[in-house]
Amino acid sequence: MIKKVRRHIVQEEPLLFEISSPGKKAYQLPDLDVPAVDAASVLGSEQVRSEIEGFPEISEVENIRHYTRLSTWNYAIDLGLYPLGSCTMKYNPRINEVVARTEGLAWAHPYQPEELSQGAMQILAILEQYLCECTGMDAITLQPAAGAHGEMTGILLIRKYLESKGNPRKKVLVPDSAHGTNPATAAMVGYDVVSVKSNDHGMIDLAALEAATDKDVAALMVTNPNTIGVFERDIVKAAAILHAKGAQMYMDGANMNALVGISRPGDFGIDVMHMNLHKTFSTPHGGGGPGAGPVAIKKHLEPFLPVPRLKRVRNSWKWDHNKPKSIGKVRAFYGNFGVLVRALAYIMAHGGPGLRNATVDALLNAQFIRKGLEPYFELPVTEPTMHEVVFSHDRQEKFGVKTGDMAKRLIDYGFHAYTTSFPMIVHGAMMMEPTETESKRELELFVDAMISIAKEVEEDPQLVIKAPHLTRTPRVDETAAARKPIVRWKPAS
Amino acid sequence: MRYLPKSESERQEMLASCGLTSLSELYNYLPAEVLLQRPLEIPAGKSEYDIVDYFKQQASQMANGYASFLGAGVYNHFRPVLCDVVVSRGEFLTSYTPYQAEISQGTLTTIFEFQTMVCQLTGMEVANASMYDGSTAVPEAAMMAIRITGRDSVLVAKTVHPEYRQVLQTYTLHQGIPVTEFGYDGETGQLDLVALEAAINEKTAAVIVQSPNFFGCLENVKQVAELVHSNGALLVVVFTEAAALGLIQPPTDADIVVGELQSFAISPSYGGPFAGIIATKEKFIRQIPGRLVGETLDANGNRAYCLTLATREQHIRREKATSNICTNQALVALMATVFMSVYGKQGLRELAEQNLAKAHYLAADLPARFKAPFFNEFVVRTGDPEALNKKLLKKKIIGGLPLGQFYPELADCMLLCATEMTKRKPMDELRKAVQA
């Protein structure tokens, strides 16, 4: 039975271009306090454009209604649980939004003098220190703009380090359970990707790893806990295998929410890792960004970090651009500063002991879902669950229902879908991560919903296969969208 | 703790229902050697009041109350109130990437509008859902050109933002993509067409230029395009000052346009987060990196939107993807979208005209270094720019960007910028100081 939601009226709304009418305005510029100039005479008429064809003209009222109406077509963390695995969709504290908009910070220009940037630099320095403490690493760059960008930075660091030892090597090992960004990144940095099979427990197979690790291997890209939500018990041994051959251990920190305050990658053999501040450290996902993907490293990689680096000189901060061994810059300026401010505010709110408590609650919530759903769904890997649990649709497939169908049906119950069909090593994967910011009641409603869906699969599979039924928008034809892509509005001709 | 929504008794009930007796059982099975045996050395959790106070303290050590003439890729433009109002709605702020189209039509529709307005602004036919920023969009454009042409090298004008060029070097270094820079005309400040003609050859996949360029000068894009196309290469046009597009000719002769939308309601925020764009011709759509939103129909036959052409992307293609890029900058792109719809067709032009007027007032009798027409930035000869800036700081004015750090031959010059937010009084003071 659906308990969490019921239907209500939803406003319809055309596109901006369809409510536009010449002369409507939502702006007024201040009076110009200098003489106006004629564009054609100072730029040359060939450089001046005619009007921007098709561009909207809309009043202020219509503007705010437009976006407000559209917003109601979205699901969001503010409405409820997002059980997406490896996405760590947790509550986004609003104070983080407030402090990021503090006047002196929000309006800081990256080229303003260092003596007028000390506050921002201090924020970056403290965040570096706290993130190193959380990960057990020695140094960190905050420059990468997102997780995949951090991966690229990390693999570039490894490449530059190995080059300095005489040979950048040729291959990067990637477990078959890894996120798609891992192999894509390794390829971008000029490495051949070698996939390493997981064992029956969904973990690194030490024998396979040993066999795959030769003198041409630059690094292993590992996710820990892995994408099944299981801690890689043999991680220290795996690191030893790589290190014995002079290769490096890269960790994808997507699942760091399972570890903060409990275990530190720097203490289990990791040389380089990225974090996703928009996951573990609660900066808002914003419908797909912005993120931040800092990369933490062990001492031996420090000379290669992107420039500039923060440097303390006589009681004040300086930007040090003089790092001859650096990989260079991966982004203009210093990174997604506004996102970094939010992450620091989050860490300060929890504090060291609080971060650990949050982690433990995240583990408890995942455990609660596992226990609640284990009787109804196939659990292909029975190793202890950390922050996320992965079921398979094996039992439901007999009725012709797949993971994606049940995920869509879950939407009717008032939740976002869980992650489907990933990791690829699980047949019909149903991957769920609740995070620590879900109440007992929200989790009970979720477990209830999933059990109810399991029953529907047996009694009325078509109900599930055709879901969702209650959303404003039923299933959309994604195949048609890709066959003949329409990616911009055009006036009806 | 205020972010953890459970009472102690609820925790105990949940533990019991999991068949556990203590919270430590949730992790104490990890090998002892990997368990952290001490609390994290981070001060205990702080109140909202303390946190607000801390950031206010830090902000007080910044440039509050200063007039600024810095541009160089990051611009001070007014942020219409509606932009923050819209992005602060939890339904946008706290939603996930719109993979589940049925409950993400809000985000998907705004991205479709964003893609459309980026096309209208740039004169291109298709645009993606946004890039990390302008700087990282440049190498993505270069890699795209390489995929399209099957050629392997890239030429980039020295008048492209120096940090963008540095990022291009980092990205391309290990992909076997030779990147060669070509110079500029010391008189006009525009790229050196002769140098480009000498450097371009049958291996050149892309020629990357910026307009208005780093010196603020408008490039003659049409002329450059003819040369580039006659050599079978693609032209990539970069912009850092999106406000210029309200007034200047869009780079319709380009094959790929990349740029930065920071000017559109995105606060400077010490360099990020910003939103980059990449736009191109329809025929190259399958080579564009990153997320794309497309129009389709739902099961009731109504118009709907979804992410599309995912087969280009890393989560499907893995190591064969067009890029490893995963995130776009949805929320920041939404700010820019609201900015564009608030100003609209007329407003964007008026805004650009004000910028033009302010910058030309500022430049009037200053010793211009270059002759080419400019929008809202220009280079002036000032003698020792660092010394001048020190003097200006005493008047609570942040002067221009000294160019010696990026162009040793311009060590006696600074790059000045004026926008609609620059007031006449500090402009008069700056003019006086330069002429003194």
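All figures in this text were calculated on a predicted structure; none of them were measured in a lab.

Across its full length, chain A carries 15 helices and 12 strands. In terms of overall dimensions, chain A is globule-like: its C-alpha atoms have a radius of gyration of 25 Å, near the 23 Å expected for 493 residues. Seen through its principal axes, chain A has C-alpha atoms that stretch 75 × 65 × 45 Å. By the burial criterion, 67% of the 493 residues in chain A qualify as buried. Within chain A, contacts between residues at least 6 apart in sequence are counted, and of these 72% link residues at least 24 apart. Approximately 16900 Å² of chain A is accessible, and the part contributed by carbon and sulfur atoms is 50%. The averaged location of the 57 negative side-chain charges in chain A is 3 Å from the averaged location of its 55 positive side-chain charges.

What follows is about the sheet that holds strand β6 (residues 234–239) of chain B. Residue and element names in this part refer to chain B. Taken in spatial order, the 7 strands make up an open sheet running β2-β8-β7-β6-β5-β3-β4, and their pairing is mixed. Here the strands that pair on one side only, and so sit at the sheet edges, are β2 (126–127) and β4 (179–182). Sheet analysis places strand β3 (residues 153–157) next to β4, joined by 4 bridges and oriented parallel. What sits directly across from Leu 155, in β4, is Thr 180. Across the sheet, helix α9 (residues 221–230) lies against β5 (204–210) and β6, angled at about 150 degrees from β6, the strand it touches most.

Turning next to unusual backbone geometry. With an omega of -5 degrees, the peptide bond running from A:Val307 to A:Pro308 counts as cis. Summarising the element assignment, A:Pro308 is placed in the loop between β7 (295–297) and β8 (309–313). Even without a glycine there, the phi angle at A:Asn315 is positive, about 65 degrees. The residue A:Asn315 is located in the loop between β8 and β9 (316–320) in this model. We note that B:Ser130 has phi near 115 degrees; this positive angle belongs to a residue other than glycine. Here B:Ser130 lies in the loop between β2 and α6 (134–149). Note on B:Ser130: relative accessible area 1%, which makes it buried.

At the junction of the two partners, chain A supplies 197 residues and chain B supplies 187 residues. Of the roughly 16600 Å² buried at the junction of chain A and chain B (both faces included), carbon and sulfur atoms supply 64%. At the junction of chain A and chain B, the tally comes to 11 salt bridges. Between A:Asp33 and B:Lys358 there is a salt bridge, with the nearest N and O atoms lying 2.7 Å from each other. Linking chain A with chain B are 81 residue pairs in polar contact (both at pLDDT 80 or more), by the criterion used here. Among the elements that make up the side of chain A that touches chain B, the one with the highest residue count is helix α10 (residues 337–373) of chain A (26 residues). Residues belonging to the side of chain A that touches chain B are distributed by class as follows: 111 nonpolar, 47 polar and 39 charged.

Bringing the domain arrangement of chain A into the picture now. Residue and element names in this part refer to chain A. Domain annotation for chain A reports domain 1 (16–71), domain 2 (95–348) and domain 3 (354–479). Placing a centre on the C-alpha atoms of domain 2 and another on those of domain 3 gives a separation of 30 Å. Each partner contributes residues to the interface: domain 2 has 26 residues there, and domain 3 has 23 residues. Here domain 2 is connected to domain 3 by 1 salt bridge.

With that settled, the discussion passes to the domain arrangement of chain B. Residue and element names in this part refer to chain B. You can read the domains of chain B as domain 1 (67–79 + 345–435) and domain 2 (81–338). Here domain 1 and domain 2 have C-alpha centroids that lie 26 Å from each other. Contacts between the two partners involve 30 residues from domain 1, matched on the other side by 40 residues from domain 2. Of the roughly 2800 Å² buried between domain 1 and domain 2, counting both surfaces, carbon and sulfur atoms make up 62%. Among the residues of domain 1 in contact with domain 2, Arg 79, Phe 375 and Tyr 407 are the three that bury the most area, contributing 26% of the side total. Summed over the shared surface of domain 1 and domain 2, the number is 2 salt bridges. A salt bridge links Arg 79 to Asp 84; the nearest nitrogen and oxygen atoms lie 2.9 Å apart. Residue assignment for the side of domain 1 that touches domain 2 shows that the elements contributing at least two residues are α11 (330–363) and β11 (377–381). Among the residues forming the side of domain 1 that touches domain 2, the class breakdown is 19 nonpolar, 4 polar and 7 charged.

Further remarks concern the packing of aromatic side chains. Residues and elements named next belong to chain B. Going through the model one piece at a time under the given rule, you end up with 31 aromatic pairs over all chains. Judged by centre distance (4.7 Å) and plane angle (15 degrees), the rings of Phe 264 and Phe 339 are stacked. A residue pair is termed long-range when its members are at least 10 positions apart, and Phe 264 in the loop between β7 (256–260) and β8 (276–280) and Phe 339 in helix α11 qualify at 75 residues. Each member of the pair, Phe 264 as well as Phe 339, carries the same accessibility label: buried. With centroids separated by 4.7 Å and ring planes inclined at 50 degrees, the aromatic side chains of Phe 339 and Tyr 343 adopt a geometry described as tilted.

What follows covers helix α7 (residues 162–172) of chain B. For α7(B), a buried count of 9 out of 11 residues is recorded, marking the element as mostly surrounded by other parts of the structure. Those residues of α7(B) lying buried are B:Pro162, B:Glu163, B:Tyr164, B:Arg165, B:Val167, B:Leu168, B:Thr170, B:Tyr171 and B:Thr172.

All names here are of chain A. Across the sheet, 7 strands lie side by side as β1-β7-β6-β5-β4-β2-β3; this open sheet has mixed pairing. Unpaired on one side and paired on the other, β1 (139–141) and β3 (192–196) mark the two borders of the sheet. Here the average twist between neighbouring strands, direction ignored, is 25 degrees. Relative to β3, strand β2 (residues 171–175) is paired through 5 bridges, and the arrangement is parallel. Bridged to Val 174 within β3 is Ser 195. Against the sheet, helix α6 (residues 147–164) makes contact with β1, β4 (217–223), β5 (248–253), β6 (272–275) and β7, and its axis sits at roughly 170 degrees relative to β5, the strand it touches most.

Reading guide: rules and limits
Residues numbered from 1 in each chain as written. Chains lettered and ligands numbered in written order. Predicted model: local features only at pLDDT ≥ 70, side-chain atom pairs only at ≥ 80, totals over all residues. Heavy atoms only, no water. Helix = DSSP H or I, 4+ residues; strand = E, 2+ residues; numbered from the N terminus. Rg over C-alpha atoms; globule rule 2.2 N^0.38 Å. Buried < 20%, exposed > 50% of the residue type's maximum accessible area, 1.4 Å probe, protein only. Contact = heavy atoms within 4.5 Å. Areas by Shrake-Rupley, 256 points an atom, 1.4 Å probe, with all protein chains shown as cover. Lys, Arg positive; Asp, Glu negative; His and termini not counted. Charge placed at Lys NZ, Arg CZ, Asp CG, Glu CD. Pairing = 2+ DSSP bridges. Axes fitted to C-alpha atoms, helices over the stretch in contact; angles between N-to-C directions. Buried area = accessible area lost by both parts, 1.4 Å probe. Salt bridge = Lys/Arg side-chain N within 4 Å of Asp/Glu carboxyl O. Polar contact = N/O pair within 3.5 Å; in protein donor to acceptor, adjacent residues only side chain to side chain. Nonpolar A, V, L, I, M, F, W, Y, C, P; charged D, E, K, R; others polar. Domains from an automatic or database assignment. Phe/Tyr/Trp six-rings, centres within 6.5 Å; stacked < 30°, edge-to-face > 60°.

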